[in-house]
Amino acid sequence: MTGSERRRREEEHAAGLRWLLLGDIGLDDSDDDDTPLGLCMEIEGLFVDLPPRPREHFTLVGCAPQGALGEALGTDQTWLGDVVITAPEPPGLSIVVLGDVVVLGRHPSTVAPGTVDVDLSGFVHVYDRTDAVRRPRGEVTEFALSGQDDARYGTCADVTGVFRDQGAPLVPQIRLLGCRPEPALLTALEAIGQPIEADRRRWVRATAHTVAADGSTAPIFDSRVVGRVQAGEPSRLGAGLIDITIDNVPGEPLPTGVLDILGHWHTGRPVEKNLWAGYDRELRYRWARIAVGRRPDGPDRPAGITYELDGRFVTDIEGFYCAIGEAINGPGGYFGSDLDGFDDCLCGGFGAQAPFRLVWHDSAVAREHLVDGYDRRRLAPAASLQFLLDLMTKRGVEIDLR
């Protein structure tokens, strides 16, 4: 950002324009997703607290159970963990994973003599709770069932409750309040009420960026403003500003607690460590996702450095990512927000070059909380302290637990 651009952003922030949208207009395939679309005071519908995702119910129809699934049929409410459902689908396989599965019961099946219908509850592994789960193409007469480590659970003729169409938007509309649209977004507004062939020009695909007090901007990862411009009208928030209504596409909004997190970066990078410690697991995850968007450019520090990790608040895996991010890169620092991201960071390019030494203070907290088991938030086996230690050792980190 040039000096003049920064001064303009400072002036715009002072006027209350604190959100910048970068993206693209239209339905054409384009790599140009950084076009400035507009600045606005508020984005209504981007931050919404949803109720917890409800457990779903499934039935394995015409099931011939094996292994742990067969053993679970003798009792009610038996927990299985993950169940993998696989069907042949040229040229590969169609796979659906059910997480946190509980066996509810069984009853004789009318599909095939000698088989049973097995009722389950749990969650389908999807990126977003509104995502479609497609039935395999062609005629499938048998699904293979398995558990963790490919343990065989038998077969079934069909499964109900799993396959579904794309869900409706959880937030039907997003409203850009007090917006100063750029030319690309003005084009979309001008297409309202035009013939059907102009409809494609009304589609918006954008990511929200914050405008800090000094005029700097930073992306909010996982933010989405995607849909069709439906209406625009003069805003009561300021002369020359417009309120723009966008019909939203399916997807999950960000929790409102993200707004509180963003407040810690409003006047620059945080200078105090452990500001994330009072947040729950979801917001600790969001803390790390915000931190990566504000990661400063620059080379890694050389190998051989010792870093100090404050382990007092590492009561979950998300707390570990926040704590090691600050151990390596200071308050508000990033060093992974999930296992894959953490492993990438250990390979270099995110502030520290291995081999290095990590002094983990108050490690007893993590030893108590990061244990083997099943992580219901992630719908996956838990990342234990020992797993993290083994991974870091493999990547050349010397660890001193204190």
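Computed from a prediction, not measured in an experiment: that's the story for all the values here. (Residues numbered from 1 in each chain as written. Predicted model: local features only at pLDDT ≥ 70, side-chain atom pairs only at ≥ 80, totals over all residues. Heavy atoms only, no water.)

S.K.: Go over the overall build of the protein chain with me, naming the residues and quoting the values.
M.R.: Helix and strand content of the protein chain: nine helices and 19 strands. Oriented by its inertia axes, the alpha-carbon framework of the protein chain measures out at about 75 × 65 × 35 Å. Residues classed as buried in the protein chain amount to 48% of the 402 residues present. For the protein chain, long-range pairs separated by at least 24 residues make up 68% of all intrachain contacts whose partners lie at least 6 apart in sequence. Counting every atom, the protein chain has about 19500 Å² of accessible surface; 50% of that belongs to carbon and sulfur. (Helix = DSSP H or I, 4+ residues; strand = E, 2+ residues; numbered from the N terminus. Buried < 20%, exposed > 50% of the residue type's maximum accessible area, 1.4 Å probe, protein only. Contact = heavy atoms within 4.5 Å. Areas by Shrake-Rupley, 256 points an atom, 1.4 Å probe, with all protein chains shown as cover.)

S.K.: Which residues make up the layout of surface pockets, and what values do they have?
M.R.: Put simply, the largest pocket is a space of about 1600 Å³. The wall of the largest pocket is formed by 43 residues, among which Tyr127, Glu252, Glu282, Arg286 and Arg377 lie closest to the centre. At the level of elements, strand 6 (116-124), helix 5 (281-293), helix 6 (317-329) and helix 7 (339-346) are the ones that each hand at least two residues to the lining of the largest pocket. Per-element tally for the lining of the largest pocket: the top contributor is helix 5, with five residues. (1 Å grid on protein atoms, 1.4 Å probe; cavity = no way out; pocket = protein on both sides within 12 Å on 5 of 7 lines; lining within 4 Å. Points joined across faces, edges and corners; volume = space filled by probe spheres on them.)

S.K.: Would you mind going over helix 6 in detail, with residue names and values included?
M.R.: Counted at 1.5 Å a residue, the expected span for helix 6 with its 13 residues is 18 Å, and the 18 Å between its end C-alpha atoms agrees. Within helix 6, 12 of the 13 residues are buried, which leaves the element mostly enclosed by the surrounding structure. Of all the residues in helix 6, the buried ones are Ile317, Glu318, Gly319, Phe320, Tyr321, Cys322, Ala323, Ile324, Gly325, Glu326, Ala327 and Ile328. Gly330 lies just past helix 6 and shows a positive phi near 85°. (Expected span 1.5 Å × (residues − 1).)

S.K.: Give me the pairing of strand 2 (residues 35-44): which residues, what numbers.
M.R.: A regular strand carries its side chains on alternate faces of the sheet. In the sheet, strand 1 (residues 19-25) pairs with strand 2 via five bridges, with the strands oriented antiparallel. The partner of Leu22 across the bridge, within strand 2, is Pro36. Examined bridge by bridge, strand 2 and strand 10 (residues 173-181) share six bridges and lie antiparallel to one another. In the sheet register, Gly38 faces strand 10, and the bridge partner there is Pro181. (Pairing = 2+ DSSP bridges.)

S.K.: Talk me through the sheet that holds strand 15 (residues 306-310); I want residue IDs and the actual numbers.
M.R.: Spatially, 15-16-19 is the arrangement adopted by the three strands of the open sheet, whose pairing is parallel. Each edge of the open sheet is held by one strand with a lone partner, namely strand 15 and strand 19 (397-401). Neighbour to neighbour, the strand axes of the sheet diverge by 20° on average, direction disregarded. Looking at chain direction, strand 16 (residues 356-361) and strand 19 are connected through five bridges and run parallel. Of the residues in strand 19, the one forming a bridge with Val359 is Asp400. (Axes fitted to C-alpha atoms, helices over the stretch in contact; angles between N-to-C directions.)

S.K.: A description of the nonpolar core should follow, citing residues and the corresponding values.
M.R.: Judged by nonpolar contacts, the single largest core of 65 residues is most densely connected at Ile43, Leu176, Leu185, Phe320, Phe342, Trp360 and Met392. With eight residues, the single largest contributor to this core is helix 6. What Ile43 contacts, discounting residues up to four positions off in sequence, is Trp19, Leu21, Ile174, Arg175, Leu176, Ala208 and Val225. If you look at the next biggest cluster of nonpolar residues, it comprises 27 residues, including Leu60, Val118, Val133 and Phe163. (Core = buried A, V, L, I, M, F, W, Y, C linked by side-chain atoms within 4.5 Å.)

S.K.: An account of empty space enclosed by the protein is needed here, citing residue identities and associated values.
M.R.: This structure, assessed with the given rule, holds three cavities of 30 Å³ or more. The volume enclosed by the largest cavity comes to roughly 90 Å³. Lining the largest cavity we find 13 residues, and of these Ile174, Arg224, Asn248, Glu252 and Pro253 sit closest to its centre. When its residues are assigned to classes, the lining of the largest cavity shows six nonpolar, four polar and three charged. One number sums up the size of the second largest cavity: a volume of about 40 Å³. Tallying contributions element by element places helix 5 first for the lining of the second largest cavity, with three residues. (Nonpolar A, V, L, I, M, F, W, Y, C, P; charged D, E, K, R; others polar.)

S.K.: With reference to specific residues and values, describe the packing of aromatic side chains.
M.R.: Each aromatic ring pair is summarised here by two numbers: the centre-to-centre distance and the angle between the ring planes. Evaluated as defined, the whole model comprises 13 aromatic pairs. Relative to Phe342, the ring of Phe335 has its centre 6.2 Å away and its plane inclined at 70°; by these criteria the two rings are edge-to-face. On the basis of relative accessible area, Phe342 is assigned to the buried category, the value being 0%. Ring pairs connect the aromatic residues Phe320, Tyr321, Phe335, Phe342 and Trp360, which therefore count as one cluster. Geometry around Trp265 places Arg294 over its ring, the cationic atom sitting 5.9 Å from the centre. (Phe/Tyr/Trp six-rings, centres within 6.5 Å; stacked < 30°, edge-to-face > 60°. Lys NZ or Arg CZ within 6 Å of the ring centre and 35° of its normal.)

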